[in-house]
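Residue-level structure breakdown
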Amino acid sequence: MATVPPGIRLLVSFDRDQWYRALTFILTFLLYTSFHLSRKPISIVKSELHKNCSSVNELATMASSSSSQQPSLPSLHTGTDCSWKPFDKRNYKQLLGAMDYSFLCAYAVGMYLSGIIGERVPIRLYLTVGMLTSGLFTCLFGLGYVYNIHNLGFYIFVQVANGLVQTTGWPSVVTCIGNWFGKGRRGLIMGLWNSHTSVGNILGSLIAGYWVSSNWGLSFIVPGLIIAVMGIVCFFFLIEHPNDLKSMYAHNSSPSKNVPTRSWNGVNGQTEVYLQYKDNKTQSYDTELLLPRDGVCVPMQPVVVVKRELEPSAISFMGALRIPGVIEFSLCLLFAKLVSYTFLFWLPLYITKAAHLDAKKAGDLSTLFDVGGIVGGILAGVISDKLGKRATTCAVMLLLAAPTLYGFSMISELGLGPTVGMLLVCGCLVNGPYSLITTAVSADLGTHKSLKGNARALSTVTAIIDGTGSVGAALGPLLAGLLSAGGWDRVFYMLMTADFLALLILLRLVAKELTSTKSRPISTVELKEH
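Bear in mind the structure is a predicted one, so any value in this text is a computation, not a measurement.

Description of the overall build of the chain
Across its full length, the chain holds 21 helices and three strands. Element-wise, carbon and sulfur atoms account for 65% of the exposed surface of the chain, whose accessible area totals about 25200 Å².

Considerations on the packing of aromatic side chains
Evaluated as defined, the whole model comprises 25 aromatic pairs. On the numbers, 6.4 Å between centres and 85° between planes, the contact of Phe137 with Phe157 is edge-to-face. Here Phe137 is found in helix α6 (residues 123-146), whereas its partner Phe157 is found in helix α7 (residues 152-165), with 20 residues between them in sequence. Relative to Phe369, the ring of Phe343 lies with its centre 4.6 Å away and its plane at 5°, an arrangement referred to as stacked. A residue pair is termed long-range when its members are at least 10 positions apart, and Phe343 in helix α16 (residues 326-355) and Phe369 in helix α17 (residues 359-387) qualify at 26 residues. The two residues Phe343 and Phe369 agree in class, both being buried.

So, α6
Across its 24 residues, α6 extends 35 Å between first and last C-alpha, which sits within 8% of the 34 Å expected from 1.5 Å per residue. In the stretch just after α6, Asn148 is the one whose phi turns positive, near 60°.

Some details on the side chain of Lys46
Inspection of the secondary structure puts Lys46 in helix α3 (residues 41-49). Excluding residues that lie within four positions of it along the chain, Lys46 makes contacts with Leu96, Asp100, Phe345 and Trp346.

Describing the confidence of the model for the chain
When pLDDT is averaged along the chain, the result is 78; 75% of the residues meet or exceed 70. With pLDDT under 50 throughout, residues 55-80 is counted as low confidence; its partners more than four residues away or in other chains account for twelve contacts.

Criteria and thresholds
Residues numbered from 1 in each chain as written. Predicted model: local features only at pLDDT ≥ 70, side-chain atom pairs only at ≥ 80, totals over all residues. Heavy atoms only, no water. Helix = DSSP H or I, 4+ residues; strand = E, 2+ residues; numbered from the N terminus. Areas by Shrake-Rupley, 256 points an atom, 1.4 Å probe, with all protein chains shown as cover. Phe/Tyr/Trp six-rings, centres within 6.5 Å; stacked < 30°, edge-to-face > 60°. Buried < 20%, exposed > 50% of the residue type's maximum accessible area, 1.4 Å probe, protein only. Expected span 1.5 Å × (residues − 1). Contact = heavy atoms within 4.5 Å. pLDDT = per-residue confidence, 0-100.

This is how it looks when you write it as structure tokens:
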């Protein structure tokens, strides 16, 4: 008889629960990758909405001067007529900043409501509707190019609407991943999982960059279709909680079919009904725990349905704020996300101006920041798991990030090689704390011991932390648009100040962690999975 191939032996070595965990991990990863993929095009298209038309003017001047047989005609191109109206004016940076602000402000406001709604409706349906509508509004922005729309109000409206519906994503996927994975090695698992943010940014940059110079409308339409398709996939395959599977298997294995019954006269002539358990039968999760394996007859009590525990009520907004650490990490994320989203929305344009590259090359180069972000998120998760100190890990990375940002502003003008290296380092140090707070820290606080096992608080806690961070995400690009008019140095000073403020907010938690005698690696702490 032939031996079983090693690949098959590996596949069958995993039990059913592990396969469902892997499915949830991969599916939620792909779902939120599509969210970030659909947000990235605006940063790539900015340099196309307002072009540097000096080269066009030079070509027009050379053509008119070389033609001596024809009378001199005025240039057909002005300094801005190759740009897309209404972004052809001198205040184009403020207009582009206003578009970013409209999206991110709507996202920040909607995030506080999203977590509360997400705990009261089925997550799968909530996420599906959000992804379909997000795909619609992303495509609408691209249709502005197709139908030659130059009304600023149209683009602002699309950005606001898209910002609101995109808030359905983060609380939903974090709640799902938190339901399936316990606290042991949560930093590593969520560090790997949170790389979807950077993967989405990279894919969004590459997809948008492919069409940005020829037809920037497709830079939005294609990502919009992708997130809509992923919304349909979410509807058919997302499993919100392991208990959903238990109820399904319990329903499929009906007692009337799998377990025979006996009845005879009991005490005082009353008829008692018994369930007989046979050891060679595979029972459901709950039956397996309740029934013995010795063929013993167990008398049934006159109870039709028995619930193992009462359904926990959703936590209030103020109740979530009282969880220790929620306020500090929320405010820290405000400044950390301010830095990260300023890079997200303005880095390609900065590279275009500083390194004198076209829109496609600048977009491709900006993906290195996200590559560094993947490494930073995983590194922060591993270190925090090993040390058992989430706040301290964030604080050290924030302390190193500020001088690195200053170094990037100096080195980026020295050539392509140094810029590549500094982009990787900046991405690692900037996105490391941001990644750790939005994933492992949020999940830890959402399952804090003060909640007494109420898993329904996770969505609200996640929304509060990320919603507060989104306020910073809205302010960062807006301030960058205003400050860049006086020079990019001011933007980098603003980013360094934000990093230092984030560090100061965490100092109390850092001191508490360092002085705690109970601090030990999180992976060794016995914590209940839920």
